[in-house]
Number of protein chains: 2
Amino acid sequence: MATSGGNLVRVGKKPLINYVVACVTLFNSGLDEVTVRARGRTIPKAVDTVGMLKRAFLKELIVKSVDIGSEDIRRHNGKEKSISTIEITLSKKPGD
Amino acid sequence: MATSGGNLVRVGKKPLINYVVACVTLFNSGLDEVTVRARGRTIPKAVDTVGMLKRAFLKELIVKSVDIGSEDIRRHNGKEKSISTIEITLSKKPGD
(Lines give C-alpha, C1' and ligand atoms only; values in the text may rest on other atoms or scores of the structure.)
Protein backbone atom coordinates (compact mmCIF):
# COMPACT_ATOMS: atom_id res chain seq x y z
CA MET A 1 0.00 0.00 0.00
CA ALA A 2 2.78 2.43 0.87
CA THR A 3 4.35 4.38 -1.93
CA SER A 4 8.09 4.41 -1.66
CA GLY A 5 10.33 6.76 -3.54
CA GLY A 6 10.11 10.42 -4.25
CA ASN A 7 6.40 10.94 -4.84
CA LEU A 8 5.27 10.84 -1.21
CA VAL A 9 4.27 13.91 0.80
CA ARG A 10 4.04 13.28 4.56
CA VAL A 11 1.64 15.69 6.20
CA GLY A 12 2.62 16.75 9.71
CA LYS A 13 2.60 19.83 11.91
CA LYS A 14 3.70 22.46 9.40
CA PRO A 15 1.25 24.94 7.86
CA LEU A 16 -1.12 23.56 5.22
CA ILE A 17 0.42 25.62 2.41
CA ASN A 18 3.79 23.86 2.86
CA TYR A 19 2.27 20.53 1.84
CA VAL A 20 0.31 22.08 -1.00
CA VAL A 21 3.49 23.61 -2.39
CA ALA A 22 5.32 20.28 -1.93
CA CYS A 23 2.68 18.56 -4.09
CA VAL A 24 2.76 21.27 -6.76
CA THR A 25 6.57 21.02 -6.88
CA LEU A 26 6.44 17.26 -7.35
CA PHE A 27 3.86 17.50 -10.14
CA ASN A 28 5.85 20.26 -11.82
CA SER A 29 8.98 18.09 -11.67
CA GLY A 30 7.23 15.77 -14.10
CA LEU A 31 5.54 13.22 -11.85
CA ASP A 32 2.06 12.04 -12.84
CA GLU A 33 1.17 10.69 -9.41
CA VAL A 34 1.72 12.02 -5.91
CA THR A 35 0.68 10.36 -2.66
CA VAL A 36 -0.30 12.43 0.36
CA ARG A 37 0.07 10.57 3.65
CA ALA A 38 -0.97 11.52 7.18
CA ARG A 39 -1.75 9.90 10.48
CA GLY A 40 -3.73 10.71 13.59
CA ARG A 41 -4.82 14.27 14.09
CA THR A 42 -3.13 15.48 10.91
CA ILE A 43 -5.50 13.44 8.71
CA PRO A 44 -7.85 16.42 8.13
CA LYS A 45 -4.85 18.43 6.96
CA ALA A 46 -4.15 15.82 4.29
CA VAL A 47 -7.74 16.16 3.07
CA ASP A 48 -7.42 19.97 3.23
CA THR A 49 -4.22 19.75 1.18
CA VAL A 50 -6.05 17.92 -1.60
CA GLY A 51 -8.92 20.40 -1.44
CA MET A 52 -6.68 23.43 -1.74
CA LEU A 53 -4.66 21.80 -4.53
CA LYS A 54 -7.81 21.20 -6.56
CA ARG A 55 -9.33 24.59 -5.85
CA ALA A 56 -6.31 26.77 -6.38
CA PHE A 57 -3.48 25.06 -8.19
CA LEU A 58 -4.28 21.94 -10.20
CA LYS A 59 -7.95 22.01 -11.10
CA GLU A 60 -7.60 19.00 -13.38
CA LEU A 61 -6.33 16.83 -10.52
CA ILE A 62 -8.16 13.59 -9.80
CA VAL A 63 -8.18 11.56 -6.60
CA LYS A 64 -7.10 8.14 -7.79
CA SER A 65 -7.48 6.29 -4.50
CA VAL A 66 -7.94 6.84 -0.80
CA ASP A 67 -6.65 4.19 1.58
CA ILE A 68 -7.31 4.19 5.28
CA GLY A 69 -5.52 1.99 7.76
CA SER A 70 -3.68 1.99 11.04
CA GLU A 71 -0.20 1.46 12.30
CA ASP A 72 1.25 0.72 15.72
CA ILE A 73 3.45 3.36 17.27
CA ARG A 74 5.47 3.17 20.48
CA ARG A 75 4.69 5.96 22.88
CA HIS A 76 7.08 7.66 25.28
CA ASN A 77 6.03 5.35 28.10
CA GLY A 78 6.93 2.30 26.02
CA LYS A 79 3.34 1.21 25.38
CA GLU A 80 2.18 0.49 21.85
CA LYS A 81 -0.82 2.31 20.46
CA SER A 82 -2.71 2.00 17.22
CA ILE A 83 -2.95 5.18 15.16
CA SER A 84 -5.12 5.73 12.09
CA THR A 85 -3.54 6.61 8.77
CA ILE A 86 -4.71 7.89 5.40
CA GLU A 87 -3.04 7.73 2.00
CA ILE A 88 -4.47 9.79 -0.82
CA THR A 89 -3.08 9.13 -4.28
CA LEU A 90 -3.47 12.02 -6.70
CA SER A 91 -3.10 11.85 -10.45
CA LYS A 92 -3.06 14.28 -13.33
CA LYS A 93 -5.78 13.57 -15.82
CA PRO A 94 -4.51 11.83 -18.96
CA GLY A 95 -3.91 14.29 -21.73
CA ASP A 96 -3.00 17.08 -19.37
CA MET B 1 -21.94 10.46 -3.45
CA ALA B 2 -24.03 11.06 -0.33
CA THR B 3 -25.94 8.16 1.09
CA SER B 4 -29.43 9.10 2.07
CA GLY B 5 -31.62 7.02 4.29
CA GLY B 6 -30.93 5.09 7.42
CA ASN B 7 -27.47 3.68 6.81
CA LEU B 8 -25.49 6.85 7.54
CA VAL B 9 -23.49 7.43 10.73
CA ARG B 10 -22.41 11.04 11.22
CA VAL B 11 -19.30 11.28 13.35
CA GLY B 12 -19.15 14.28 15.65
CA LYS B 13 -18.02 15.20 19.14
CA LYS B 14 -19.24 12.16 21.07
CA PRO B 15 -16.86 9.42 22.24
CA LEU B 16 -15.54 7.08 19.59
CA ILE B 17 -17.34 4.04 20.99
CA ASN B 18 -20.74 5.67 20.36
CA TYR B 19 -20.14 5.66 16.60
CA VAL B 20 -18.72 2.14 16.67
CA VAL B 21 -21.85 0.91 18.45
CA ALA B 22 -24.05 2.82 15.99
CA CYS B 23 -22.39 0.99 13.09
CA VAL B 24 -22.67 -2.40 14.78
CA THR B 25 -26.35 -1.74 15.47
CA LEU B 26 -27.02 -0.85 11.84
CA PHE B 27 -25.24 -3.96 10.56
CA ASN B 28 -27.08 -6.12 13.08
CA SER B 29 -30.39 -4.65 11.92
CA GLY B 30 -29.77 -6.37 8.59
CA LEU B 31 -28.03 -3.70 6.52
CA ASP B 32 -25.17 -4.83 4.28
CA GLU B 33 -23.70 -1.36 3.85
CA VAL B 34 -23.09 1.47 6.28
CA THR B 35 -21.56 4.86 5.49
CA VAL B 36 -19.50 6.72 8.08
CA ARG B 37 -19.33 10.46 7.47
CA ALA B 38 -17.29 13.17 9.17
CA ARG B 39 -16.00 16.63 8.49
CA GLY B 40 -13.19 18.85 9.69
CA ARG B 41 -11.40 17.87 12.84
CA THR B 42 -13.60 14.81 13.39
CA ILE B 43 -12.26 13.09 10.26
CA PRO B 44 -9.64 11.08 12.21
CA LYS B 45 -12.43 9.83 14.46
CA ALA B 46 -14.24 8.41 11.42
CA VAL B 47 -11.07 6.54 10.45
CA ASP B 48 -10.66 5.40 14.07
CA THR B 49 -14.28 4.16 14.06
CA VAL B 50 -13.57 1.94 11.07
CA GLY B 51 -10.35 0.70 12.67
CA MET B 52 -12.03 -0.26 15.92
CA LEU B 53 -14.95 -1.87 14.08
CA LYS B 54 -12.57 -4.09 12.12
CA ARG B 55 -10.34 -4.91 15.07
CA ALA B 56 -12.97 -5.64 17.67
CA PHE B 57 -16.42 -6.17 16.24
CA LEU B 58 -16.72 -7.06 12.58
CA LYS B 59 -13.44 -8.55 11.44
CA GLU B 60 -14.89 -9.53 8.08
CA LEU B 61 -15.75 -5.91 7.26
CA ILE B 62 -14.41 -4.42 4.05
CA VAL B 63 -13.93 -0.77 3.17
CA LYS B 64 -15.86 -0.45 -0.06
CA SER B 65 -14.99 3.15 -0.85
CA VAL B 66 -13.51 6.27 0.68
CA ASP B 67 -14.60 9.62 -0.71
CA ILE B 68 -13.04 12.91 0.25
CA GLY B 69 -14.51 16.27 -0.56
CA SER B 70 -15.44 19.59 0.91
CA GLU B 71 -18.52 21.60 1.69
CA ASP B 72 -19.15 25.25 2.43
CA ILE B 73 -20.37 26.14 5.88
CA ARG B 74 -21.49 29.51 7.20
CA ARG B 75 -19.64 30.55 10.32
CA HIS B 76 -20.99 32.57 13.21
CA ASN B 77 -19.66 35.80 11.70
CA GLY B 78 -21.58 35.17 8.49
CA LYS B 79 -18.55 34.32 6.38
CA GLU B 80 -18.47 31.13 4.33
CA LYS B 81 -15.66 28.67 4.84
CA SER B 82 -14.76 25.47 3.08
CA ILE B 83 -14.51 22.40 5.30
CA SER B 84 -13.14 19.00 4.31
CA THR B 85 -15.32 15.91 4.49
CA ILE B 86 -14.83 12.17 4.34
CA GLU B 87 -17.31 9.40 3.58
CA ILE B 88 -16.29 5.82 4.24
CA THR B 89 -18.62 3.14 2.93
CA LEU B 90 -18.35 -0.18 4.74
CA SER B 91 -19.69 -3.49 3.52
CA LYS B 92 -20.03 -6.98 4.88
CA LYS B 93 -18.23 -9.49 2.75
CA PRO B 94 -20.55 -11.49 0.50
CA GLY B 95 -21.47 -14.78 2.07
CA ASP B 96 -21.23 -13.48 5.60
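Quick note: structure is the one above.
Since the structure is predicted, the reported quantities are computational estimates derived from the model, not experimental observations.

**A look at the overall build of chain A**
Thinking step 1. Secondary structure assignment for chain A yields two helices and four strands.
Thinking step 2. Element order for chain A, N to C, with α for helix and β for strand: β-α-β-α-β-β.
Thinking step 3. Among the 96 residues that make up chain A, the fraction classed as buried is 41%.
Thinking step 4. Summed over all atoms, the accessible surface of chain A reaches about 5,600 Å², with 49% contributed by carbon and sulfur.
Thinking step 5. Charged side chains of chain A number 17 positive and 10 negative; the gap between the two group centres comes to 8 Å.

**Regarding the nonpolar core**
Thinking step 1. Counting 46 residues, the largest nonpolar core has I86 and I88 of chain A together with I86 and I88 of chain B as its most contacted members.
Thinking step 2. If near-sequence neighbours (up to four positions away) are discounted, I88 of chain B is found in contact with I68 of chain A together with V34, T35, V36, A46, V47, V50, V63, S65 and V66 of chain B.

**Here we look at the relation of the copies chain A and chain B**
Thinking step 1. With an RMSD of 0.0 Å, the operation that places chain A on chain B is a rotation of 180 degrees combined with a shift of 0.0 Å along the axis. On this basis, the relationship between the two copies can be described by a two-fold rotation axis. Nearest to the rotation axis, the C-alpha of V66 of chain A is located 2.9 Å from it, this being the minimum over chain A.

**Remarks on the sheet that holds strand β1 (residues 8-10) of chain B**
Remark on secondary structure: sheet strands pair via backbone hydrogen bonds, oriented parallel or antiparallel.
Thinking step 1. What the four strands build is an open sheet, ordered β1-β2-β4-β3 (chain B); its pairing is mixed. Only two strands of the sheet have a single partner each, and these edge strands are β1 and β3 (61-74) of chain B. Each strand axis lies, on average, 20 degrees off the axis of its neighbour in the sheet, ignoring direction.
Thinking step 2. Sheet analysis places strand β2 (residues 33-39) of chain B next to strand β4 (residues 80-92) of chain B, joined by seven bridges and oriented antiparallel. Paired with E33 of chain B across the strands is S91 of chain B, a residue of β4 of chain B.
Thinking step 3. Against the sheet, helix α2 (residues 43-57) of chain A touches β3 and β4 of chain B, its axis set at about 120 degrees to β4 of chain B.

**Overview of the environment of K59 of chain B**
All names here are of chain B.
Thinking step 1. Among the secondary structure elements, K59 is positioned in the loop between α2 (43-57) and β3.
Thinking step 2. When the C-alpha atoms of K59 and E71 are compared, they prove to be 32 Å apart, with 12 residues separating the residues in sequence.
Thinking step 3. If we skip the residues at most four places from it in the chain, K59 touches L53 and K54.

**A short note on helix α1 (residues 16-28) of chain A**
Residues and elements named next belong to chain A.
Thinking step 1. If you check α1, its first and last C-alpha atoms are 19 Å apart, about what 13 residues at 1.5 Å a residue would give, namely 18 Å.
Thinking step 2. Of all the positions in α1, only Y19, V20, C23, V24, L26 and F27 are classed as buried. The buried residues of α1 occupy an angular sector of 160 degrees when the element is viewed end-on, so they sit on one face.
Thinking step 3. Elements that come into contact with the buried residues of α1 comprise β1 (8-10), β2 (33-39), α2, β3 (61-74) and β4 (80-92).
Thinking step 4. Of the residues one or two after α1, G30 is the one with positive phi, at around 110 degrees.

Rules and cut-offs
- Residues numbered from 1 in each chain as written.
- Chains lettered and ligands numbered in written order.
- Predicted model: local features only at pLDDT ≥ 70, side-chain atom pairs only at ≥ 80, totals over all residues.
- Heavy atoms only, no water.
- Helix = DSSP H or I, 4+ residues; strand = E, 2+ residues; numbered from the N terminus.
- Buried < 20%, exposed > 50% of the residue type's maximum accessible area, 1.4 Å probe, protein only.
- Areas by Shrake-Rupley, 256 points an atom, 1.4 Å probe, with all protein chains shown as cover.
- Lys, Arg positive; Asp, Glu negative; His and termini not counted.
- Charge placed at Lys NZ, Arg CZ, Asp CG, Glu CD.
- Core = buried A, V, L, I, M, F, W, Y, C linked by side-chain atoms within 4.5 Å.
- Contact = heavy atoms within 4.5 Å.
- Least-squares fit on C-alpha atoms with pLDDT ≥ 70 in both.
- Pairing = 2+ DSSP bridges.
- Axes fitted to C-alpha atoms, helices over the stretch in contact; angles between N-to-C directions.
- Expected span 1.5 Å × (residues − 1).
- Arc of directions from axis to C-beta.

Purely geometric numbers; function is a separate question.
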